[in-house]
Each structure stands twice: as structure tokens, then as C-alpha cells.
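A look at the structure
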Amino acid sequence: MAEVASPRRSRLTPEREAELYEAVLDLLREVGYDALTMDAVAARTRSSKATLYRQWGGKAELVVKAIRHDKRARTEEIDTGTLRGDLHALVAQEDDCTVERNSALLRGVAMAIHHNPDLRHALREQLVEPEMAEFRRMLQRAVDRGEIRPDCPALEFLLHMMVGGLATRTLLDEQPPTQTFLTSYIDAVVLPALGVPTT
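Summarised in this report is the structure supplied together with it.

What counts, and where the lines are drawn
Residues numbered from 1 in each chain as written. Predicted model: local features only at pLDDT ≥ 70, side-chain atom pairs only at ≥ 80, totals over all residues. Heavy atoms only, no water. Helix = DSSP H or I, 4+ residues; strand = E, 2+ residues; numbered from the N terminus. Buried < 20%, exposed > 50% of the residue type's maximum accessible area, 1.4 Å probe, protein only. Phe/Tyr/Trp six-rings, centres within 6.5 Å; stacked < 30°, edge-to-face > 60°. Expected span 1.5 Å × (residues − 1). Contact = heavy atoms within 4.5 Å.

Here's the deal with unusual backbone geometry
The phi angle at Arg46 is positive, at roughly 55 degrees, despite the residue not being glycine. Along the chain, Arg46 turns up in the loop between α2 (38–45) and α3 (49–56). Note on Arg46: relative accessible area 78%, which makes it exposed. With phi around 55 degrees, Glu174 is a residue other than glycine that occupies positive phi space. With respect to the element layout, Glu174 can be found in the loop between α8 (158–173) and α9 (179–193).

Here is the structure:
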């Protein structure tokens with residue numbers, strides 16, 4: 001007997017999409033990127049694999065969209081009038097528990113990009129490049145206000161410094177990054193490198 005095709009929905013509801021992304025991130029934390037399969041996502045979310053591929057194209061796109069959806073820290077929403085205020089406000093957007101969970105997740109995904117070009121491309125296109133663009137806008141505002149010299153050599157390394165603080169906290173101190181640690185790091189390392197006073 002031929003299967004009757006049901007009408008395709010062009011978009012999932014925002015609630016269903018959020019539920020699906022949460023399930024993807026749960027699976028990612030449980031098994032890691034390499035062991036995560038579209039079959040497992042379909043089973044966990046009671047979706048058809050065809051729907052998942054139709055909506056996201058593949059595992060890399062789905063995982064990166066889930067990470068982006070879960071990211072509550074929004075650089076584009078911040079403009080306090082000072083670079084120090086902007087960076088502190090960015091850190092304050094996520095509580096310590098969320099920062100710890102997200103940094104662990106991103107460390108795992110960062111390991112997987114070395115042998116998954118699709119993931120590397122999706123991560124760069126949907127997370128890294130938009131973040132870099134937002135940080136450049138934040139820095140340009142600081143330059144326009146006269147907080148940073150336009151020829152400051154550290155300007156192009158702000159995102160590197162911020163990611164470094166997140167990544168090395170666990171590696172070197174065997175502790176998760178916290179708001180207290182990150183705001184202290186910004187004041188002690190990032191702002192002095194940019195020539196911005198912290199008082």
C-alpha cells in the first residue's frame with residue numbers, strides 16, 4: 001500500500017524548534033559530536049529523519065544552529081557607552097552555571113572541528129564570523145569615543161583574548177570560568193592590552 005504523504009510544513013513552530021535544539025544539545029553533551037547521529041536526534045525528538053534533513057540539511061548545520069539558539073549572550077544588544085561597561089555587560093548576560101555548561105560544550109565541539117570540515121564551516125559561518133563582526137562594531141564605537149587608539153595593535157585580538165580566558169580557565173586552573181573570573185580577566189588583561197583604563 002502506498003504511503004500517503006502528509007502536507008509539508010515549511011517551518012516548525014518556535015516552541016518545537018526550541019525543544020528540538022534543546023534535545024540536540026543534551027545529546028551532544030551526552031555522547032559528543034562524533035557519536036551524535038541524526039537517527040538519535042530523530043528518536044529523541046520524535047521527528048522523522050527526513051524532516052531533520054529537510055529543515056537543517058545535515059548534522060553540522062543542526063548542531064551549530066542549536067548552539068546559536070542556546071547562546072543567550074548577545075553582543076549586538078549591548079551599548080553601555082564604554083568598552084569596559086560593554087564587556088562587563090556581555091559577561092553578566094549568562095550566569096555561572098550557563099557559562100560552565102556552554103564552555104564545556106564548545107570545547108567538545110572545538111575538538112571535533114579538526115576532522116569535520118562541515119562542522120568547521122558551519123561554526124565559522126554562523127557563530128565565529130557574526131561574533132567577530134559584533135566585536136569589531138563594539139571596538140569601533142570605543143575608537144570613535146576615543147577610548148582606544150585606532151592604531152592599537154591589540155584591536156584585532158579582542159575575540160582571541162576573550163575566548164582564551166574562557167578556554168584556559170579549566171585547562172590551567174581546573175575550575176570553570178565564572179562571571180567573577182571573567183570580569184577580573186577583562187580588567188587585568190583585555191582592557192590594559194587595548195590601552196583602556198579600568199578605573
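Some points on the packing of aromatic side chains
For the structure shown, the criterion picks out two aromatic pairs. Each ring, one from Phe181 and one from Tyr185, has its centre 6.0 Å from the other, and the planes form 20 degrees; the classification is stacked. With a gap of four residues between them, Phe181 and Tyr185 both fall in helix α9, about one helical turn apart.

Some points on the environment of Pro14
Here Pro14 lies in helix α1 (residues 14–31). Judged by relative accessible area, which is 56%, Pro14 ranks as exposed. With 154 residues separating them along the chain, Pro14 and Thr168 place their C-alpha atoms 35 Å apart.

Focus on α1
An ideal rise of 1.5 Å per residue puts 26 Å on 18 residues; α1 measures up with 26 Å between its terminal C-alpha atoms. Those residues of α1 lying buried are Arg16, Glu17, Leu20, Tyr21, Ala23, Val24, Leu25, Leu27 and Leu28. Looking at the buried positions of α1, the neighbouring elements they touch are α2, α3, α4 (59–70) and α6 (96–112). Where α1 ends, the next residue or the one after it, Gly32, has phi of about 85 degrees, a positive value.

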